[in-house]
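This is what each chain is made of:
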Amino acid sequence: MNRLPKGVRRLLIRICYLLPAIGGTVMLIYAAIPHLWFVYDGAAHDTLSLFGLVQNTWEECQAIFSATEGSSQYAVYFSYTMSAFTVLFWIAVICFSIAALLLAVCSILAFAQKPTARRSNIAKRVLYLYCPNRILFLLFQLFPILWAAFPQILVHFYFYMMGYSMTVHTFLCPDLVFAIVFSVLTVALFLLTLPSQAELKLDMFRIYKAKKTRSDDATAETPTDDESAKEEPEE
């Protein structure tokens, strides 16, 4: 990676911080389009969007809770399990969307300034409030996989708890494949560009401050180039 021209490496770093927003937008739009259907006993059910499937699953679980006297113990366990996964689905969608939006906006604002500029550091501190370190950044990339795997999780627990052997089908590509591709691409690009982020001072998780020079009258902050900037890591 370090053998590439600086201009190319700068572009790759910028793309790296924009990929979660790009991938998340594509996956959410795809999730809103009807493209899923299930086959049970040779009969195909209605085509649903991923959001529609989640909503139907939640309503089915609530119906089972409302009729506990006529529901089997396994159906109740199934309802508890899928209700929990439905909540996790929305948590993953919301938390990842916030992180992706902040990464995109803050990186655009920070990279538009010099590494030591005040506005650049303000943008990084705003990101720090929600995503304070690289480990959390990498963990956020797993959230799309969690929500995209909902159809497969549903089929698994239908069979494991209810005894229904169902298969899930899609018109184009499974949501899970989209999620894995975007997540792996983002993580790989982020890890590969880490040395260049440090060298080019384009690290969103590090504050760069200009050196200060003492004059006769006062101490003033002087602008510096990339080679003379002092690094202060975020704690």
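Report on the accompanying structure.

The rules we used
Residues numbered from 1 in each chain as written. Predicted model: local features only at pLDDT ≥ 70, side-chain atom pairs only at ≥ 80, totals over all residues. Heavy atoms only, no water. Core = buried A, V, L, I, M, F, W, Y, C linked by side-chain atoms within 4.5 Å. Buried < 20%, exposed > 50% of the residue type's maximum accessible area, 1.4 Å probe, protein only. 1 Å grid on protein atoms, 1.4 Å probe; cavity = no way out; pocket = protein on both sides within 12 Å on 5 of 7 lines; lining within 4 Å. Points joined across faces, edges and corners; volume = space filled by probe spheres on them. Helix = DSSP H or I, 4+ residues; strand = E, 2+ residues; numbered from the N terminus. Nonpolar A, V, L, I, M, F, W, Y, C, P; charged D, E, K, R; others polar. Lys, Arg positive; Asp, Glu negative; His and termini not counted. Salt bridge = Lys/Arg side-chain N within 4 Å of Asp/Glu carboxyl O. Contact = heavy atoms within 4.5 Å.

### What to know about the nonpolar core
Part 1 of the reasoning: Among the nonpolar cores identified, the biggest contains 28 residues, and L50, M82 and W147 are the most heavily contacted of them.
Part 2 of the reasoning: Counting 20 residues, the second largest nonpolar core, distinct from the first, contains I13, L189, L202 and F205.

### Comments concerning unusual backbone geometry
Part 1 of the reasoning: Phi at K201 is positive, roughly 55°, even though this residue is not glycine.
Part 2 of the reasoning: For K201, a relative accessible area of 10% translates into the label buried.

### Looking at the layout of surface pockets
The rolling of a water-molecule-sized probe over the atoms marks out the regions of remaining empty space.
Part 1 of the reasoning: Reported here for the largest pocket is a volume of approximately 280 Å³.
Part 2 of the reasoning: If you go around the largest pocket, you meet 13 residues; those closest to its centre are F38, H45, E60, Y158 and M166.
Part 3 of the reasoning: Looking at the lining of the largest pocket, the elements that each hand over two or more residues are β1 (36-40), α2 (50-66) and α7 (150-162).
Part 4 of the reasoning: Counting residues per element, the lining of the largest pocket draws most heavily on α2, at four residues.
Part 5 of the reasoning: Class assignment of the residues belonging to the lining of the largest pocket gives a composition of eight nonpolar, three polar and two charged.

### Examining the side chain of K124
Part 1 of the reasoning: When you line up the elements, K124 lands in helix α4 (residues 118-130).
Part 2 of the reasoning: Notably, K124 is buried but unbridged: the nearest opposite-charge side chain belongs to D203, and the N-O separation is 6.7 Å.
Part 3 of the reasoning: If we skip the residues at most four places from it in the chain, K124 touches A110, D203, M204, R206, I207 and Y208.

### Regarding empty space enclosed by the protein
Part 1 of the reasoning: Within the structure shown, the criterion is met by two cavities of 30 Å³ or more.
Part 2 of the reasoning: Taken as a whole, the largest cavity holds about 50 Å³ of empty space.
Part 3 of the reasoning: What lines the largest cavity is L19, P20, G23, G24, M27, F96, Q141, P144, F182, S183 and T186.
Part 4 of the reasoning: The greatest single-element share of the lining of the largest cavity, amounting to five residues, is contributed by helix α1 (residues 6-31).
Part 5 of the reasoning: Its residues assigned to classes, the lining of the largest cavity shows six nonpolar, five polar and no charged.

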